[in-house]
Amino acid sequence: MSDIEVPESHPRYESLLTRHRIEEGVDLGITSRQGLIAQGRGEAFDYLIGEQTTASADEAERVAAAYLLLADHPVLSINGNVAALCPGEMVELAEAVDADLEVNLFNRTEERMEAIVTHLREHGADEVKGLTADGRIPGLDHERAKVDADGIGDADVVLVPLEDGDRAEALAAMGKTELVIDLNPLSRSAQSATVPIVDNIIRAVPNITRHARNLADASETELRTIVDAFDREAALADAERAIRDGGE
Ligand code: PTJ
């Protein structure tokens, strides 16, 4: 048993644990109620993909690690679902690739912003950006457009997990290299990404960190070879095929 009353041997253990974390996130004021709906959609796709990291997603995660290591200013964007599902894992990834963490919400309220910053600090983060909000993403309404000018505003590479399609497209339009984690390969976020990672964030983030640690000593030329070889259309097609065929 761990933090929920379900034995780890239960065949749907991971899925139930994930659901429990989102519920707890809502209770803590971190996750929005819309986050529950997003979770349900994610679970359905994860079930169809076989609740596993496909070979193609693993490759996308390695490519994401290479992009983060090559970046001048990488930023990891955190919303209410990400904060509830894998706060410590995001902090670890930020450390592994020397990235900033920035809270960036679709349904932005100051209370949720503060609650998430505190939650990330409790999970080991030193600095968390997002509260200054002195930058704007062009083409979005006021609240959703807010970013830190020296955070996402200045980033060349941004990891945006579980993002709403509108904002993912607007960030891509700013010319940023966008690494998107989204279990739906047909979502506008995945479709607009430089690197679409079709995997559950719970599995994807620790795997990107593992790849980043393995690539820590790689030369710039080696990292460039990895990112140049990536074919985003093939990755999206592989993911859709895996979902239609029930995994792999
Ligand atoms: O905290 P906020 O205010 O920023 O709001 C965050 C949500 C997630 C509510 C907001 O961004 C939203 O409404 O997102 P969507 O449009 O529902 O998109 C979320 C996408 O993430 C969907 O395509 C889901 O399939 C996918 N998803 C959900 N859970 C997971 C996931 N992908 C990977 N791992 C998951 N655990």
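Up top is the structure these notes are about.
Residues numbered from 1 in each chain as written. Predicted model: local features only at pLDDT ≥ 70, side-chain atom pairs only at ≥ 80, totals over all residues. Heavy atoms only, no water.

Novice: Just give me the short version of the layout of surface pockets, but keep the residues and values in it.
Specialist: A volume near 930 Å³ is recorded for the largest pocket. Considering the residues around the largest pocket, the lining is formed by 43 residues, among which Ala38, Gln39, Asn81, Leu162 and Glu163 are closest to the centre. Elements with a minimum of two residues in the lining of the largest pocket: helix H1 (13–27), helix H2 (33–48), helix H4 (80–85), helix H8 (165–173), helix H9 (188–192) and helix H10 (201–214). The biggest single contributor to the lining of the largest pocket is H2, with ten residues. There is about 200 Å³ of room inside the second largest pocket. Every residue lining the second largest pocket is counted, 13 residues in all, and those nearest its centre are Arg21, Ala84, Pro87, His119 and His123. (1 Å grid on protein atoms, 1.4 Å probe; cavity = no way out; pocket = protein on both sides within 12 Å on 5 of 7 lines; lining within 4 Å. Points joined across faces, edges and corners; volume = space filled by probe spheres on them. Helix = DSSP H or I, 4+ residues; strand = E, 2+ residues; numbered from the N terminus.)

Novice: Before we move on, can you summarise the pairing of strand E1 (residues 74–78) with the specific residues and values?
Specialist: E1 sits mainly inside the fold: five of its five residues count as buried. Residue alternation in E1 divides its side chains into two sets, Pro74, Leu76 and Ile78 and Val75 and Ser77, and both sets are buried. Judged from the three bridges that link them, E1 and strand E5 (residues 157–161) form a sheet pairing that is parallel. Within E5, the position partnered with Pro74 by the bridge is Val157. Pairing of E1 with strand E2 (residues 100–103) involves four bridges; the strand directions are parallel. Bridged to Ser77 within E2 is Glu102. (Buried < 20%, exposed > 50% of the residue type's maximum accessible area, 1.4 Å probe, protein only. Pairing = 2+ DSSP bridges.)

Novice: Explain the site of the ligand residue by residue, including any values.
Specialist: The environment of the ligand is made up of 23 residues, and the closest members are Gly80, Phe106, Asn107, Arg112 and Asp182. In the model, an oxygen atom of the ligand is placed 2.8 Å from a nitrogen or oxygen of the Gly80 main chain. Taking Asn107, its main chain carries an N or O atom lying 2.8 Å from an oxygen atom of the ligand. With the chains in place, 95% of the 750 Å² that the ligand exposes on its own is no longer accessible. (Near = heavy atom within 4 Å. Polar contact = N/O pair within 3.5 Å; in protein donor to acceptor, adjacent residues only side chain to side chain. Areas by Shrake-Rupley, 256 points an atom, 1.4 Å probe, with all protein chains shown as cover.)

Novice: How would you summarise unusual backbone geometry if you had to cite specific residues and measurements?
Specialist: Backbone geometry at Glu51 places phi at a positive 50 degrees, although glycine is not the residue there. Along the polypeptide, Glu51 turns up in the loop between H2 and helix H3 (55–70). Overall, Glu51 belongs to the partly exposed group, its relative accessible area being 29%. Notably, Leu162 is not glycine yet its phi reads approximately 50 degrees, a positive angle. By the element assignment, Leu162 lies in the loop between E5 and H8.

Novice: Can you lay out the side chain of Ser189 for me, pointing to particular residues and giving the numbers?
Specialist: Residue placement: Ser189 occurs in helix H9. Among the residues examined, Ser189 registers a relative accessible area of 1% and is labelled buried. Ignoring any residue separated from it by four or fewer positions in sequence, one finds Ser189 in contact with Glu163, Asp164, Gly165, Ala168, Val180 and Asp182. (Contact = heavy atoms within 4.5 Å.)

Novice: Residue-level account of empty space enclosed by the protein, with values.
Specialist: Summed over all chains, the structure comprises two cavities of 30 Å³ or more. Each pocket or cavity is described by its volume, and for the largest cavity that value is around 50 Å³. Lining the largest cavity are Ile49, Thr54, Ser56, Ala57, Ala60, Pro196, Val198, Ala235, Asp238 and Ala239. Breaking the lining of the largest cavity down by element, the ones donating at least two residues are H3 and helix H12 (232–245). Split into classes, the residues belonging to the lining of the largest cavity amount to seven nonpolar, two polar and one charged. Volume-wise, the second largest cavity comes out at about 30 Å³. Together, Ser77, Ile78, Asn79, Val82, Asn104, Val160, Pro161 and Glu163 line the second largest cavity. Of all elements in the fold, only E1 and E5 reach the threshold of two or more residues within the lining of the second largest cavity. (Nonpolar A, V, L, I, M, F, W, Y, C, P; charged D, E, K, R; others polar.)

Novice: Go over the nonpolar core, please, and point to the residues and values.
Specialist: Formed by 51 residues in total, the largest nonpolar core has its most connected members in Leu76 and Met90. Sequence-distant contacts of Met90, that is, excluding residues within four places in its chain, are made with Leu76, Ser77, Ile78, Val82, Leu101, Leu159, Pro161 and Val205. (Core = buried A, V, L, I, M, F, W, Y, C linked by side-chain atoms within 4.5 Å.)

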